[in-house]
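Geometric and topological summary
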Amino acid sequence: MLPVSAWQRSPWGLRLCLLCSLCLGSPSPSTDPEKRAGSQGLRFRLAGFPRKPYEGRVEIQRAGEWGTICDDDFTLQAAHVLCRELGFTEATGWTHSAKYGPGTGRIWLDNLGCTGTEQSVTECASRGWGNSDCTHDEDAGVICKDQRLPGFKDSNVIEVEHNPQVEEVRLRPGVGWGRRPLPVTEGLVEVKLPDGWSQVCDKGWSAHNSHVVCGMLGFPSEKRVNTAFYRLLAQRQQHSFGLHGVACVGTEAHLSLCSLEFYRANDTTRCPGGAPAVVSCVPGPLYAASSGQKKQQQSKPQGEARVRLKGGAHPGEGRVEVLKAGTWGTVCDRKWDLQAASVVCRELGFGSAREALSGARMGQGMGAIHLSEVRCSGQEPSLWKCPHKNITADDCSHSRDAAVRCNLPYIGVEAKETWYWDSGNITEVVMSGVRCTGTELSLDQCTHHGTHITCKRTETRFTAGVICSETASDLLLHSALVQETAYIEDRPLHMLYCAAEENCLASSARSANWPYGHRRLLRFSSQIHNLGRADFRPKAGRHSWVWHECHGHYHSMDIFTHYDILTLNGTKVAEGHKASFCLEDTECQEDVSKRYECANFGEQGITVGCWDLYRHDIDCQWIDITDVKPGNYILQVVINPNFEVAESDFTNNAMKCNCKYDGHRIWVHNCHIGDAFSEEANRRFERYPGQTSNQII
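Predicted, not measured: the structure shown is a model, and the values here were computed from it.

The subject of this paragraph is the sheet that holds strand 31 (residues 610–614). Note: strands within a sheet are paired through backbone hydrogen bonds, in either parallel or antiparallel orientation. Here four strands make up an open sheet; going across it, the order is 22-25-31-30 and the pairing antiparallel. In this open sheet, the two strands that pair with only one neighbour each are strand 22 (475–477) and strand 30 (587–588). Judged from the four bridges that link them, strand 25 (residues 526–530) and strand 31 form a sheet pairing that is antiparallel. Each bridged residue has a counterpart across the sheet, and for I528 the counterpart in strand 31 is D612.

The following block contains the structure:
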């Protein structure tokens with residue numbers, strides 16, 4: 001075993017782990033030098049802050065010099081290899097854009113490409129040792145599973161004395177602790193140190209410090225506070241100061257990134273002439289009502305937001321989308337960091353960013369990518385105020401869509417877990433008729449029957465239950481393909497018996513002179529993408545799928561899509577519906593393998609990154625417009641219309657097109673997903689006056 005050199009202190013004075021790669025580079029540690037020859041002379045450690053012992057910025061010592069790894073092309077497979085080098089069994093995630101702070105010295109590796117099976121990082125592809133065009137703002141980190149490799153020896157970890165760390169921050173109200181409504185927006189600043197909660201000396205306390213604290217607590221901004229009241233209160237209380245000399249710039253995502261000093265154990269005089277620091281935060285619109293500041297928030301004029309989050313499982317997280325020229329698009333993750341993510345979070349009424357996510361971690365968008373290389377200082381009021389590049393389709397792909405996770409205020413609502421119980425001992429039903437939009441923070445905010453409960457029986461069949469998940473599918477229709485493939489066919493009735501059996505024709509078809517005559521059908525192709533973070537699976541198990549002899553296939557969902565022709569005022573004049581003939585992966589993205597296929601009673605579904613194509617020439621892929629008069633209409637397609645399968649976002653399940661029908665031909669144009677346009681563009685679409693000629697502009 002190589003000797004372990006003396007530890008080096010990080011910028012924050014943290015505990016660093018120096019691990020001997022000869023012992024820790026493979027799942028089955030071996031003393032055979034041939035098996036680990038590639039890592040000889042290398043050492044690995046985790047550094048940076050804030051972090052846990054099994055996560056951090058990856059640093060490698062080569063030729064006696066410590067350096068970092070650039071996040072370009074970094075993947076979970078590379079993280080697996082590095083975690084094994086560090087003595088852990090595997091990786092659970094990885095980070096980019098110097099989440100744990102920028103390192104120093106050389107950037108040893110760039111464009112690291114691993115399959116995940118390598119015994120050593122030296123077996124992975126890269127640009128070569130020390131060959132990089134990155135800066136330390138792009139340092140990669142890993143999150144390893146907190147489980148050591150068999151045979152790992154604790155002696156391989158160098159334990160060093162380290163300074164205390166600020167683990168958490170909270171506000172303690174001056175009066176009425178425990179009785180104040182949540183979230184708490186004003187109070188004494190308390191920090192959690194290894195030995196418990198302590199207060200902060202207010203000497204030199206600034207608005208920048210308050211801004212950072214409020215951001216950590218989930219609030220977008222701070223306001224002035226009546227310090228005289230708290231100083232008077234402080235004279236009658238005992239204090240436990242643990243921190244002083246805090247000096248933030250205001251753009252930090254965590255108080256520990258500010259300049260600060262800890263009191264030593266032998267300091268007998270603490271904060272002489274000072275008092276506990278006090279902060280007052282301004283909640284965002286989503287939390288203003290519960291904190292009693294709703295009227296103040298509503299008095300400010302609100303225009304349409306130009307930034308939004310999509311695809312997240314919780315409030316304050318999701319793929320970042322921005323509005324440009326009336327159309328929503330995504331942001332490329334090049335140079336995406338916590339400063340830019342914090343600007344997004346605060347702009348949307350949340351706190352600073354907890355994570356800046358890359359690599360489409362919250363699902364891929366569709367359509368335009370509006371921004372790239374966004375560089376924020378952290379002080380901008382909007383992402384659009386940050387320097388950025390406008391890009392073309394060739395510059396980036398949706399596999400690099402940027403996302404965020406924001407700090408949220410604590411409102412006393414804990415995560416649900418799935419419960420199955422025998423409700424035989426339930427004696428009371430407290431709520432019925434619950435109807436939610438999906439944006440509410442608790443069931444109390446949804447509409448319901450109030451005190452008048454209509455469900456008087458409490459047996460199991462009358463009680464509601466849930467199954468919770470951190471991820472879900474997200475279906476999206478390829479609107480351009482609908483526009484490109486739409487046409488009219490006059491189909492003879494004798495070819496429509498199967499379609500009639502599956503209720504794919506207008507009701508007037510029942511009184512037609514079968515098998516003579518025809519039906520006029522508006523045909524088009526549907527290409528349905530799963531851009532979420534979980535596979536789309538039918539609600540019903542395969543044991544309940546229905547076999548249709550006529551078409552020779554199983555239906556896994558009775559209603560999979562609705563097809564409608566609407567007048568300009570929204571009146572439905574024709575409709576169609578499509579059962580899920582068979583959900584399968586027709587095609588997938590380059591790096592994704594197909595999992596579902598219809599053949600031989602196979603499993604049905606749509607894999608993340610794949611799409612199911614229903615061609616225009618298959619049965620029921622149409623709307624029967626035999627009875628529709630010439631005119632200007634709206635073509636509407638809705639996927640998963642009955643919400644039978646969970647999705648992370650239902651607002652993008654509808655697609656609309658303008659169409660002109662002259663009795664013989666049809667023109668379909670301006671097709672778009674329901675949430676792809678700005679509010680003003682949608683209003684213009686709804687007010688569409690119709691075409692005066694056959695020329696589409």
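Moving on from the coordinates now.
If you walk through the whole model with that rule in mind, you get three cavities of 30 Å³ or more. What the largest cavity holds in volume is close to 50 Å³. Contributing to the lining of the largest cavity are W94, T95, H96, K99, E355, A356, L357 and R361. Broken down by secondary-structure element, the contributors of at least two residues to the lining of the largest cavity are strand 5 (91–95) and strand 18 (353–357). It is strand 18 that contributes the most residues to the lining of the largest cavity, three residues altogether. Broken down by class, the residue content of the lining of the largest cavity amounts to three nonpolar, two polar and three charged. Split by domain, the residues of the lining of the largest cavity number at least three in each of domain 1 (43–153) and domain 3 (307–407).

Residues three or four positions apart in an α-helix share a direction because the helix packs 3.6 residues into each turn. Of all the 10 residues making up helix 2 (residues 76–85), eight are buried; the element is thus mostly covered by neighbouring parts of the structure. All of the buried residues along helix 2 are A78, A79, H80, V81, L82, C83, R84 and E85. Downstream of helix 2 by a residue or two, G87 has a phi angle that is positive, lying close to 95°.

Now for the side chain of R57. When you line up the elements, R57 lands in strand 3 (residues 55–62). Accessibility expressed as a relative area gives 2% for R57, which makes it buried. Here the side chain of R57 touches G101 through a polar contact of 2.8 Å, landing on its backbone oxygen.

Averaged over all residues, the pLDDT of the protein chain is 81; the fraction at 70 or higher stands at 83%. Every residue in residues 154–162 scores below 50 in pLDDT, and together they form 24 contacts with partners more than four places removed in sequence or on other chains. Taken as a whole, residues 690–697 scores under 50 in pLDDT and shows 11 contacts with residues more than four places along the chain or in a different chain.

Moving on, we come to unusual backbone geometry. Residue P515 is reached from W514 by a cis peptide bond, and omega for that bond is 0°. Assignment of secondary structure puts P515 in the loop between helix 9 (497–501) and strand 24 (518–523). Within the chain, N111 stands out as a residue other than glycine whose phi angle is a positive 50°. By the element assignment, N111 lies in the loop between strand 6 (106–109) and strand 7 (141–144). On the accessibility criterion, N111 (25% relative accessible area) is partly exposed. One non-glycine residue, C271, lies in the positive phi region at around 55°. If you trace the backbone, C271 turns up in the loop between strand 13 (259–262) and strand 14 (278–282).

One pass over the structure, following the stated rule, counts eight aromatic pairs. Between F229 and Y230, the ring centres sit 5.1 Å apart and the planes meet at 80°, which makes this aromatic pair edge-to-face. Taking the relative accessible area as the measure of exposure, F229 reaches 39% and is therefore partly exposed. Residue Y230 is classed as buried on the basis of its relative accessible area, which comes to 8%.

Strand order in the open sheet formed by three strands is 23-24-32, with antiparallel pairing between adjacent strands. With partners counted over all chains shown, the strands left at the sheet margins are strand 23 (487–492) and strand 32 (622–624), one partner each. Geometrically, the sheet is characterised by an average inter-axis angle of 35° between neighbouring strands, direction not taken into account. Two strands pair when backbone bridges link them, and strand 24 and strand 32 are joined in this way by three bridges, in the antiparallel orientation.

The buried count for strand 5 comes to four of five residues, which makes it a mostly enclosed element. Examined bridge by bridge, strand 5 and strand 7 share four bridges and lie antiparallel to one another. Following the sheet pairing, A91 is matched in strand 7 by C144.

Applying the stated criterion to the full structure yields 13 disulfides. Sulfur-sulfur distance for the disulfide between C376 and C386 comes to 2.1 Å. Where C376 bonds to C386 through sulfur, the torsion about that S-S bond is close to 110°, and the disulfide is right-handed. Taken as a pair, C376 in the loop between strand 19 (369–372) and strand 20 (389–390) and C386 in the loop between strand 19 and strand 20 lie far apart in primary sequence, 10 residues in all. Given the relative accessible area of 2%, C386 is considered buried. Each sulfur in the disulfide pair C504 and C620 lies 1.8 Å from the other.

Bringing helix 4 (residues 227–234) into the picture now. Listed as buried for helix 4 are Y230, L233 and A234. Angular distribution of buried residues about the axis of helix 4 spans 100°; they occupy a single face of the element. Where the residues of helix 4 are buried, they touch strand 9 (186–193) and strand 14.

Moving on, we come to the environment of I528. By the element assignment, I528 lies in strand 25. A C-alpha to C-alpha distance of 8.6 Å links I528 and C610, two positions 82 residues apart in sequence. I528 has contacts with L475, L476, L477, F560, T561, I606, C610, W611, D612, Y614 and I639, leaving out every residue within four places of it along the chain.

Now for the pattern of salt bridges. This structure, assessed with the given rule, holds 33 salt bridges. For the salt bridge of R308 with E321, the shortest nitrogen-to-oxygen distance reads 2.8 Å. Placement of R308 in strand 15 (residues 307–310) and of E321 in strand 16 (residues 317–324) is noted, with a sequence separation of 13 residues between them. Taking the relative accessible area as the measure of exposure, E321 reaches 7% and is therefore buried.

Time to look at the environment of A534. In this fold, A534 is placed in the loop between strand 25 and strand 26 (546–548). Separated by 113 residues in the primary sequence, A534 and E647 have C-alpha atoms spaced 8.8 Å apart.

Cut-off values and rules
What you see as residue numbers is a count from 1 along each chain, following the sequence as written. Two thresholds apply to this predicted model, a pLDDT of at least 70 for residue-level local features and 80 or more for giving and counting side-chain atom pairs, whereas whole-chain, interface and lining totals are computed over all residues. Note: side-chain values were computed over all heavy atoms of the structure, leaving out hydrogens and water. By definition, two strands form a pair when at least two bridges between them are found by DSSP. Segments assigned H or I by DSSP are reported as helices when at least four residues long, segments assigned E as strands when at least two residues long, and all are numbered from the N terminus. Buriedness for pockets is judged along seven lines, at least five of which must meet protein on both sides within 12 Å for an open set on the 1 Å grid over protein atoms alone, while cavities are sets there where a 1.4 Å probe fits but cannot get out, and lining residues have an atom within 4 Å of a point. Grid points are joined across faces, edges and corners, and a volume is the space filled by probe spheres set on the points. Polar here means any residue other than Ala, Val, Leu, Ile, Met, Phe, Trp, Tyr, Cys and Pro, which are nonpolar, and Asp, Glu, Lys and Arg, which are charged; Gly is therefore polar. Where each domain begins and ends is defined by an automated method or by a domain database. Here's how the labels work: a residue is buried when its accessible area is under 20% of the maximum for its type, exposed when over 50%, partly exposed in between, all with a 1.4 Å probe on protein chains only. Throughout this description, a polar contact denotes any pair of N or O atoms lying within 3.5 Å of each other; where both atoms belong to protein, one of them has to be capable of donating a hydrogen while the other can accept it, and for residues adjacent in sequence the pair is counted only when both atoms sit in side chains. The pLDDT score gives, residue by residue, the confidence of the prediction method on a 0 to 100 scale. Residues are treated as being in contact if the distance between any of their heavy atoms lies within 4.5 Å. Only rings of Phe, Tyr and Trp enter the pairing, Trp through its six-membered ring, and a pair is recorded when the two centres are within 6.5 Å. The plane angle decides the type: under 30 degrees is stacked, over 60 is edge-to-face, the rest tilted. Axis definition: a line fitted to C-alpha atoms, limited for helices to the stretch in contact. Angles are taken between N-to-C directions and run from 0 to 180 degrees. Counting rule for disulfides: a pair of cysteine sulfur atoms within 2.5 Å. The directions considered for the arc are those from the helix axis to the C-beta atoms. When a carboxyl oxygen of Asp or Glu lies within 4 Å of a side-chain nitrogen of Lys or Arg, that pair is called a salt bridge.

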